[in-house]
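Summary of structural features
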Amino acid sequence: MKIEGTHEVHVAPERVYATLIDPIVLQRCIPGCERLEKTGENAYSTTLRAGVGSIKGLFTGNVRLEDMQPPRHFRMIVDGKGQPGFLKGAGDLNFEERNGVTIVSYKGDVQIGGTIASVGQRMLQGAVKMMATQFFTAIEAEAKTVAHEPPPKHGFFRTALRWLSGLLRR
Amino acid sequence: MAKYVGQRVKRTEDPRLIQGLGHYVDDIKLPDTLHVAFLRSMYAHAKIKSIDTSEASHAPGVVAVYTGKDVAARVGPVPCAAALPDLKVPDYRVLATNHVVFVGQPIAVVVATDRYAARDAIDLIMIDYEELPAVIDVEQAAKGGPLVYEEYGDNIAYKLTAGEGDIEAALKSSDRVVSQRIVHQRLAPIAMEGRGVLARYYPGEQELTIWSSTQIPHLLRTQLAIMIGMPENKLRVITPEVGGGFGSKLNVYAEEALLGWISMQLGKPVKWIESRRENIQATIHGRGQVGYIEMGCNNDGTITGLRYNVFADLGAYHQLLTPAIPTLTGLMLSGSYKIPAIQMNVTGVFTNKMATDAYRGAGRPEATYVVERAVDLVAAELGMDTVDVRRKNFPAPSEFPFKTATGLFYDSGDYEAALNKALAMADYKSLREEQKKAREQGRLIGIGLSTYVEICALGPSQAMPAGGWESATVRIEPTGGVTILTGASPHGQGQETSFAQIAADELGVDLNAVTVIHGDTSIVQYGIGTFGSRATAVGGTAVFIAIEKLKEKATNIAAHMMKTDASNVVFKEGRFTKQAAKAASAGAGAKPEPEPDVPVGEAPAGAMPEPEADGKGVTIQDVALAAHIARDIPPGSEPGLSATYFFEPTNFTFPFGTHIAVVEVDRETGDIKFMRYVAVDDCGKVINPMLVDGQVQGGIVQALGQAMYEEIVYDDQGQLVTGTLMDYAIPKAAMVPWMDLDRTETPSPVNPMGVKGVGEAGTIGATPAIVGAIVDALSPFGVRHLDMPIKPETLWRIISKAN
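Residues numbered from 1 in each chain as written. Chains lettered and ligands numbered in written order. Predicted model: local features only at pLDDT ≥ 70, side-chain atom pairs only at ≥ 80, totals over all residues.

1. Focus on the overall build of chain B
- Assigned secondary structure in chain B consists of 21 helices and 28 strands.
- In terms of overall dimensions, chain B is globule-like: its C-alpha atoms have a radius of gyration of 29 Å, near the 28 Å expected for 803 residues.
- On the principal axes, the C-alpha backbone points of chain B span a range of 90 × 75 × 45 Å.
- Every one of the 803 residues in chain B was classed for burial, and the buried ones make up 55%.
- Looking at chain B alone, contacts between residues at least 24 apart form 80% of all its contacts between residues at least 6 apart. (Helix = DSSP H or I, 4+ residues; strand = E, 2+ residues; numbered from the N terminus. Rg over C-alpha atoms; globule rule 2.2 N^0.38 Å. Buried ≥ 20, exposed ≤ 12 C-beta atoms within 10 Å, placed from the backbone. Contact = placed C-beta atoms within 7 Å.)

2. Description of the overall build of chain A
- A tally of regular secondary structure across chain A gives 4 helices and 7 strands.
- Element order for chain A, N to C, with α for helix and β for strand: β-α-α-β-β-β-β-β-β-α-α.
- For 170 residues, the compact-globule estimate of 2.2 N^0.38 gives 15 Å, and chain A sits close to it at 16 Å.
- Its C-alpha atoms give chain A principal-axis dimensions of roughly 45 × 35 × 30 Å.
- When the 170 residues of chain A are sorted by exposure, 29% land in the buried category.

3. Digging into the nonpolar core
- Ranked by size, the top nonpolar core spans 259 residues in total, and within it Val-110, Ala-503, Val-543, Val-623, Ile-770 and Ile-774 of chain B carry the most contacts.
- Residue contributions to this core peak at 14 residues, all from helix α16 (residues 535-561) of chain B.
- Every residue in contact with Val-623 of chain B, bar those within four places of it in the chain, is listed here: Ala-554, Ile-557, Ala-558, Met-561, Phe-576, Val-618 and Leu-641 of chain B.
- If you look at the next biggest cluster of nonpolar residues, it comprises 20 residues, including Val-16, Val-25, Ala-138 and Ala-143 of chain A. (Core = buried A, V, L, I, M, F, W, Y, C linked by C-beta atoms within 7 Å.)

4. Observations regarding the interface of chain B and chain A
- Each partner contributes to the interface: chain B provides 12 residues, whereas chain A provides 11 residues.
- Tallied by class, residues from the side of chain B that touches chain A come to 4 nonpolar, 5 polar and 3 charged. (Nonpolar A, V, L, I, M, F, W, Y, C, P; charged D, E, K, R; others polar.)

5. Here we look at the pairing of strand β7 (residues 101-113) of chain A
Residues and elements named next belong to chain A.
- Here strand β1 (residues 2-9) runs beside β7; their pairing, made up of 8 bridges, is antiparallel. Counted as the bridge partner of Thr-6 is Ser-105 from β7.
- In this structure, strand β6 (residues 85-98) lies alongside β7, joined through 13 bridges in antiparallel fashion. Residue pairing across strands places Phe-95 opposite Val-104, the latter belonging to β7. (Pairing = 2+ DSSP bridges.)

6. Some remarks on the packing of helix α7 (residues 217-228) of chain B against helix α8 (residues 254-266) of chain B
All names here are of chain B.
- Where α7 meets α8, the axes come as close as 10 Å, and the angle between the chain directions of the two elements is 60°. As judged from the angle between their axes, α7 and α8 are oblique. For the pair α7 and α8, the sense of crossing is right-handed. Together, Leu-220, Leu-224, Met-227 and Ile-228 of α7 and Glu-256, Ala-257, Gly-260 and Trp-261 of α8 make up the contact between the two elements.
- Classifying every residue of the contact of α7 with α8 by side-chain character gives 6 nonpolar, 1 polar and 1 charged. (Axes fitted to C-alpha atoms, helices over the stretch in contact; angles between N-to-C directions. Parallel < 35°, antiparallel > 145°, perpendicular 65-115°, else oblique. Left-handed = near helix turned anticlockwise from the far one by under 90°.)

7. Quick word on the sheet that holds strand β22 (residues 569-572) of chain B
Residue and element names in this part refer to chain B.
- On the basis of which strands lie adjacent, the open sheet formed by 3 strands has the order β22-β23-β24 and antiparallel pairing. With one partner strand each, in any of the chains shown, β22 and β24 (618-619) form the two edges of the open sheet.
- Relative to β24, strand β23 (residues 575-578) is paired through 2 bridges, and the arrangement is antiparallel. When the bridges of β24 are listed, Arg-575 appears paired with Thr-619.
- Across the sheet, α16 lies against β22, β23 and β24, angled at about 125° from β22, the strand it touches most.

8. Remarks on the pairing of strand β12 (residues 270-273) of chain B
Residue and element names in this part refer to chain B.
- Bridge count between strand β1 (residues 34-40) and β12: 2 bridges; the pairing is parallel. Pairing of His-35 across the sheet is with Lys-271, part of β12.
- Where strand β9 (residues 196-202) and β12 come together, 4 bridges link them in antiparallel fashion. By the bridge assignment, Gly-196 is partnered in β12 with Ile-273.

9. Quick notes on the environment of Trp-211 of chain B
Residues and elements named next belong to chain B.
- Among the secondary structure elements, Trp-211 is positioned in strand β10 (residues 207-212).
- When the 28 C-beta atoms within 10 Å are taken as the criterion, Trp-211 is described as buried.
- Taking the C-alpha atoms as reference points, Trp-211 and Arg-200, separated by 11 residues in sequence, lie 8.6 Å from one another.
- Beyond its immediate sequence surroundings of up to four residues, Trp-211 is in contact with Val-25, Ile-28, Val-197, Leu-198, Ile-238 and Pro-240.

10. Side note on the confidence of the model for chain B
Residue and element names in this part refer to chain B.
- Predicted confidence across chain B gives a mean pLDDT of 95, with 96% of residues reaching 70 or more.
- Here residues 582-606 is modelled with pLDDT under 50, and outside its nearest four sequence neighbours on either side it reaches 20 contacts, counting other chains as well.
- We note a pTM of 0.92 for the whole complex and an ipTM of 0.84 for its interfaces. (pLDDT = per-residue confidence, 0-100.)

11. Examining the sheet that holds strand β18 (residues 444-453) of chain B
Residues and elements named next belong to chain B.
- Spatial ordering of the open sheet is given by β18-β26-β27-β28, a layout of 4 strands whose pairing is mixed. Only two strands of the sheet have a single partner each, and these edge strands are β18 and β28 (740-743). Strand-to-strand twist in this sheet, taken as the mean axis angle between neighbours without regard to direction, amounts to 10°.
- Sheet analysis places β18 next to strand β26 (residues 656-665), joined by 10 bridges and oriented antiparallel. Residue pairing for β26: Leu-444 is matched across the bridge by Val-665.
- Its contacts with the sheet put helix α20 (residues 761-777) on β18, β26 and β27 (672-682), and the angle it makes with β18 is roughly 150°.

12. Looking at unusual backbone geometry
Residues and elements named next belong to chain B.
- Residue Phe-400 is joined to Pro-401 through a cis peptide bond whose omega torsion reads 0°.
- Across the junction of Met-788 and Pro-789, the peptide omega takes the value -10°, indicating a cis bond.
- Secondary-structure assignment places Pro-789 in the loop between α20 and α21 (792-802).
- A positive phi angle is found at Ser-533, which is not glycine, with a value near 45°.
- Inspection of the secondary structure puts Ser-533 in the loop between β21 (514-517) and α16.
- Classification of Ser-533 by C-beta neighbours within 10 Å gives buried; the count is 31.
- Here Glu-573, not a glycine, exhibits a phi torsion of approximately 45°, which is positive.
- Position of Glu-573 among the secondary structure elements: in the loop between β22 and β23.

13. A look at helix α13 (residues 415-426) of chain B
All names here are of chain B.
- Here α13 is 12 residues long and its end C-alpha atoms lie 17 Å apart, about the 16 Å a rise of 1.5 Å per residue gives.
- Listed as buried for α13 are Tyr-415, Ala-418, Leu-419, Ala-422 and Ala-426. Buried residues in α13, looked at end-on, bunch into an arc of 100°, giving them a common side.
- In this structure, the buried side of α13 is in contact with α12 (386-393), α14 (428-440), β18, β26 and β27.
- Just downstream of α13, Asp-427 is the residue with a positive phi angle, here 55°. (Expected span 1.5 Å × (residues − 1). Arc of directions from axis to C-beta.)

Below you can see the structure in the form of C-alpha cells.
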C-alpha cells in the first residue's frame, strides 16, 4: 500500500529535524507509543498500541533511520508485528522551508498482513492520514517548546485542539 | 391427477425456520461444553521457526492448547477424493507444523471454558515466522514464480487434456476463429450459516458424535473415521439444520477432524462456530479459472470447433474435490450445441491461497460461460443475431440421446422450445427495435442470452469419486405414520416437502402423515448426500422405488387380510380393495367406488385390525398395523412394513433452458439497471413448482453476484483483502431484478419420475446472459467482452474514453 502526504509545521526545518530524531520526544508524539528505545545508531525498538476500526492491538517492532541528510531528508524503515497482523515498509521524509514554514512530505510503501489487511485495508489510508496529522501536530508543539521548559502534553483532545487552532491561524 | 406432485405445496420446513425454532449446530447446547478457537496463519507463505504456547496455556479459562506437533502423528491428513493421473497431492495436515501456505491456515488451537477466553488466548501464542515469497497470480504461478512447494520443482499440480475430434484441423478449416481470454474470478460461497462443529466423546462407550454443518454426513463419517483412526460404527455424524452450503460444505475440513480428536482427548464436548472472517478465508472458494477460448465457425454461423486452454487456480492444498472441478468444465464444453471437435487443456496450478472447490455449479458455470461467451463472439464476428447462431447449432429433439465431443450422452432436450418460449415472453423482436431506437437517442440498452444446458443428478458411480447412488428407506409405523429416511442431506432445497409429496401421492396418505428424516448416520442408512443437483433425481427416485417395493409387500398382506390373492387386489388412494373381477373385465364403470376413509389412528393400539369383510377393503394403515402385530400375515412373510432401496442412476440428467437479460447502462455513471429478466428452465418433471422457482431465483441472484459484484481479492503478497462482507460484495435485495420465470417440461428417461434437477441451473444459466447484456449495451463502443465482475467504473471508463 502506498502512503503519501504533506504537512506544514510552523517551525524551522532544523528544529523539526532535531525533534524527529529525538527518541524521548518521539515516544510522546507517536500516537499509541508505549515504549521507544534506542538500540543503536539511528535504530529504535518500539511498542505501539494501534489499530484501525475494531481491529486494535499491541505491535512491537523496529524503526531504523537511513540516508540522514539534516535538515532536508531521511529514510525510515519500519518493521512490526502484533496480534492484529504485521506491517513493514519504508518511506522517505523530506523537509523544505517555505516562508518560515517547514513542509514535511512523506512517501512510502507499506505492506500489511493478517487481520488488519483483510478487515482494515480499505480504512487504512484514512487511519494513516489521521495518525500523521496527530503526529505532526504534536511534533510542532514539541519543536516550539523552548529549552528547559516542561515538555507539552499530548493526547487526542489536546492534539485535536492544536490542529484546529492551526487551521484557524491559516 | 396427483394430489401433491406438481403442486405449489408450501415448504413444511419453513414454519420452524422462519420462527427461529430450527436447531443449527450452535443451537445445540450440551453441558460442560468447551469452546475452541483457531490460530491461523497471517502469512500467505512462511516457515514456522517456533511456536510458544506457554503464556496461552496459563491464560484464564484455557483448558488445552494444541499445535501441529501434538496432532501430526495422531490425526490423518485432510482427504482429497479426486483421482487424476499424476496428480500431486500435498500432505495437508489439520494443523500446520513448520510450513504455512495460505492466509487462514490453522496453526494452533485453544480449548477454553468459553469462546471469548479461547479467542483471547489465541493472541498470547507467539509464533516466529520466516516469511517466504508468495505466488498469487495463477498464470505467473504456472510459468514458474515462487514455488508453493520447493520439493515439486514447479507449481503444476496436474495437466489434463480432454475432448474428442481433430481440433487443429477443425480450427484450420473454419472460415473464422474467434478467440478471447476470459477470467472466472474466485468467489466465496457465503452460506448464511458458516461452518460449525460440535463433538462429544463418551469414553465409556467409546462413541464419538459429531454435529457438523455439512452436506455429506455419511461421507464425512467415513473420512473422519479414517482421519481420527476409529471404527466407523463408533462414529456418528449428525447434521442438524444447515443454513446453506452451495458446495462449500461438500467437503471434509481440518476443523471437523480436530474437534473430534480434541473431544476424545478431553472427554468433554467441544464446539467451534466459524466466524464470517474465518468463513471467507478458510472455507473453500469457488471458480478461479483463467482461460483462453478459440472457437471456429463458418460464415453461415455453424460452429466447427472449440478449444479452451485453462489455468485452474487450485490454491495451496486440495480439499475434497479441488482438482476435479475443472474436469466438469471439460465435460460440459459442448453446451447446447453440436460442436464436432472440442479440446480442453487444463493446467491445475498451486497458489498461496485457500483451496478452490465446488461452488454452486462446480465447473459447469465456467463451461457455460465459455461456450455462451464464445457463441456471442461468433455472432459479433459474423454480424449475426446471437439467437440465430444459437438456433443454428442446436441438436434437434430427435437427435437425443445426443452424443457430445466431450463423451457425454445428453438424455433428452428440446432447446428450441425453451428458447422460443423465452423469446416470446421477452418479446425479443420488439426489444431489438426498442434497443435500436434507444441507441439513436444515445441510450445504452443491451440484450443478453444464454441457452444453457447443464449436467445434474450426479451421477453414475462410474463417473463419481465415491459412489453416485442414493438411498431411501420408507416405512409405515404401526400407528400409520409414514417415515422416509433419505441418504440425501437437504439443507435448504426443501426435500422434506418434495419427498413427502411423492410419498403422500404414492401411498394415498395425507402430506402431514409423512416425515422425512435425514442427516443422522445412526438413524439413516448410508447415503451420499446433497450436491450436484442430485437429491431429487437420485435420492427422490430411491424414495419412489422404495415405496413401490413397500406397496408390493403391503399388497400381499392386504390380500391375506381380505382372504384373496394379491393379483386380485387394487391399491388406490390409500386403500386396498378386492378387484371386482367381472366388472373390471366388462370395462364400463370398472372403477371401484371409494369408500369413506377410516381416520388414521382410530384402531386402538395393539388391537388387530378387522379383516376385510364388508367390501370396503383395508387401508394401508390397517395393513401397517397388521404387519407389525404380525399375528396374521401371510406365512413365511417378513413382519413390519418397510422397504429400502439404493438407486444407481444409469446416466446423468441434462436440464437446460434460456435466460434473457435486458439492461440499460447509464452513460454518465456506468451504472447498470435491469429492464427485464426472463428465464425459461426445463428441469424435467416438476414435483413442486414453488421449490423450483425458489431454486432458480436463488441461483440467478448468485450468478448476478458473480457477473457484477463478487470477487475474492488477494493482494500480491497473498493477503486476503476482501475479508469481510463490507469488502466482499454479495447482491442485496435492492440489486436484484424482477424475474419472469417459466418452464418447459421435457422428462428425463433416466429415472422413473422423469425429474432432472434444478439446484444449480440459475447460477449456470444466468451469468452469461447478464454479461452478454452488458457487453451488448457497450457494443457501440466496439466492446466484445468484459471480465467479471463488471463494475460501473469499468463501463464509465470505456464510455468516458470514447467521448
